[in-house]
Amino acid sequence: MKRSTRLFVCLILFTVVLMSTAHQKAHASFNWQNIRGPDTSYALLYESSNNILYAANAWGGVWRYEKEEWSEIEGEISSYYVYSIALDSSSNVLYAGTYRGGVWKYENGEWTSTGGDISEETVNALIYIPTLGVLYAGVENSGVWKYENGEWTSTGGDIDTYTVYRFAYDISNGILYAPTENHGVWKYENGEWTSTEGGISSTTVFALAYDQSSQILYAGTEGYGVWKYENGEWTSTGGDISTYYIYDILYDSLSKVLYATTWGYGVWIYENGEWTSTGGDADPDNPGALAYDFSGDILFAGTHKNGVWRTEVPKIKSVFPASAPRGQNLDVEIVAANTSFTEELSAAVFSGEGITVNWTEVDDETHARANITIDPDAPVGPRNVNVITGGEVPVSLPDGFTVTYPAPLITSITPDKGVTGTTVDITDLAGSNFLEGASVKLCKGENEINATDVVVESSEKITCSFDLTGAQVGKWDVVVTNPDEQSDTLEEGFWVTYSVSPTITSITPDKGVT
């Protein structure tokens, strides 16, 4: 059985030239280790529920890595070159796309062919969509097919003769994205395929990754680095990998970083808009597949002819407290994974302006405390947080700490009373830290009266009106809430009175004995 060379052989011609011109900026914190396994893996998949890594063996079959040991999942598929894998975790079914053997499934300890019209086709990519219960296959020169209720059908469209590689899926909008050979990226929405067009519309795209929170699609291209699709437009992410061949990309949504495999230059990381090499001994090993263990923060890379590699990713996991107002001095606790914090060497870092780190103390290799001072005029908003220890630069915690406005403070209200059944104009609700868009209300038990015509004249003064129609007589709390939902209450600060003051006409008896 002849092996397909589409993904690798044509690139070998460029390796020597590319390696001679590379300029790599190393992240300097990744310690890659070879755990062997299949010599060449076209695809990796990590099953978190059972802590198993699956590898699609380019030379035959599917392997799994469990409890630090490799074993082949034996069966008839062992004689097929495997290019892709996908998992239906709810039914515990593993799928494998092969070279000229269609798609196979591993169920109840046995490999069987899924058959159908693609049973003799080369399947470069698979993706299982749990919300749909559908398996999609990217087929050599035959577009995208779907496997549903035990049957294969073509999705048709203008890409039905294209070669398709690694998919991405936008679960929020129900859009399937397909990278193609020489025709850019296409999207499948409401049963129809349309091109995303743009600057890579005639480019070969090998892999996709989707940032669900920011709704950004990333594409690994043949010789043009990584591009991103945002608001309907494609732009290059640039950097030192902008001329590299990218075979696989993986997005870590928790840390908001993107990983990319490059031909000849190892694995790179895209963080805060910049590409840097993860460095290490894996660099020259031509990685072509990625997988991630989010519970242990372990990144896996399958290479061409040099087995599978892994690295424990040093990263910041949490910060407490996660926010504080301007003008505060406080201690924050920082928790990390796979780091080597060291007393008198580690230093906490907060991005942006207006935060001064006064000192950093280390509790152990993954726990540190920092005392910070937030400038009274510090820009409000999120900051990335990191702890740098010598040459160790972990993946930062994006938006790990937020500078907020101080909470509003009410000192007085003028006038401080009004007659039930009337409308009272408040000329001076005094205090501090009032923000544009603040709301004002009166509260008495479960009863509320929302102010109208609210004007924040300054951070220290608000004017507004209260309609006291039907308002219960007595003391009411005054509440001011800023747009950031911080609030303050002036307890019993406003008095609703009767409409008519009492008049005394007589008293009986009108005298008494001392």
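In the block above lies the structure referred to throughout.
A few points on the structure. Remember, predicted model here, so these are calculated numbers, not experimental data.

**What to know about the nonpolar core**
Leu429, Val440, Phe466, Leu468, Val478 and Phe494 are the most contacted members of the largest nonpolar core, which totals 23 residues. Secondary structure elements with two or more residues in this core: β37 (409-414), β39 (423-432), β40 (439-444), β43 (461-467), β44 (474-481) and β45 (487-497).

**Points about the pairing of strand β36 (residues 397-404)**
Of all 8 residues making up β36, 6 are buried, and the element is well covered by its neighbours. The pairing of strand β30 (residues 323-325) with β36 spans 3 bridges and is parallel. If you follow Pro325 over to β36, its bridge partner there is Thr404. Looking at chain direction, strand β35 (residues 381-389) and β36 are connected through 4 bridges and run antiparallel. Among the inter-strand pairings, Pro382 is bridged to a residue of β36, identified as Thr402.

**Focus on the sheet that holds β45**
Read from one edge to the other, the open sheet built from 5 strands follows the order β38-β45-β44-β40-β41, with strand pairing classed as mixed. At either end of the open sheet lies a strand with only one pairing partner, and these are β38 (417-419) and β41 (447-450). Each adjacent strand pair in this sheet contributes to an overall mean axis angle of 35°, direction not counted. Relative to β45, β44 runs antiparallel, the two sharing 7 bridges. Within the sheet, the bridge partner assigned to Lys475 lies in β45 and is Trp495.

**Here we look at the pattern of salt bridges**
All told, the structure shown has 14 salt bridges when counted by the stated rule. Linking Asp297 and Lys315 is a salt bridge whose minimum nitrogen-to-oxygen distance equals 3.0 Å. Taken together, the residues span a long stretch of sequence, with Asp297 in the loop between β26 (287-293) and β27 (298-303) and Lys315 in strand β29 (residues 315-320) at a distance of 18 residues. You'll find Asp297 and Lys315 in the same group, each marked buried. For Glu457, the salt bridge is made with Lys461, and the minimal N-O distance between the two is 3.6 Å. Note on Glu457: relative accessible area 48%, which makes it partly exposed. By relative accessible area, Lys461 is classed as partly exposed at 29%. Here the salt bridges do not stand alone but share partners, grouping Asp252, Asp297, Lys315 and Lys317 into one network.

**Regarding the pairing of strand β8 (residues 103-107)**
Pairing between strand β7 (residues 93-98) and β8: 4 bridges, direction antiparallel. Looking at the pairing, Ala96 lines up with Trp104 of β8. Taken together, β7 and the strand that follows it, β8, pair antiparallel across an intervening segment of 4 residues, in which Arg100 is found at a positive phi of about 60°. Pairing analysis gives 4 bridges linking β8 to strand β9 (residues 110-113), with the strands arranged antiparallel. Pairing of Glu107 across the sheet is with Glu110, part of β9. Taking the residues between adjacent antiparallel strands as the criterion, β8 and β9 are bridged by 2 residues, where Asn108 takes a positive phi near 55°.

**A look at the environment of Thr153**
Relative to the helices and strands, Thr153 is located in strand β13 (residues 151-154). Given the relative accessible area of 35%, Thr153 is considered partly exposed. Ignoring any residue separated from it by four or fewer positions in sequence, one finds Thr153 in contact with Trp145 and Lys146.

**Brief notes about the environment of Trp263**
With respect to the secondary-structure elements, Trp263 resides in the loop between β23 (257-262) and β24 (266-271). Taking the C-alpha atoms as reference, Trp263 lies 32 Å from Glu189; in sequence the two are 74 residues apart.

Thresholds applied
- Residues numbered from 1 in each chain as written.
- Predicted model: local features only at pLDDT ≥ 70, side-chain atom pairs only at ≥ 80, totals over all residues.
- Heavy atoms only, no water.
- Core = buried A, V, L, I, M, F, W, Y, C linked by side-chain atoms within 4.5 Å.
- Buried < 20%, exposed > 50% of the residue type's maximum accessible area, 1.4 Å probe, protein only.
- Helix = DSSP H or I, 4+ residues; strand = E, 2+ residues; numbered from the N terminus.
- Pairing = 2+ DSSP bridges.
- Axes fitted to C-alpha atoms, helices over the stretch in contact; angles between N-to-C directions.
- Salt bridge = Lys/Arg side-chain N within 4 Å of Asp/Glu carboxyl O.
- Contact = heavy atoms within 4.5 Å.

Purely geometric stuff here, so don't read any function into it on its own.
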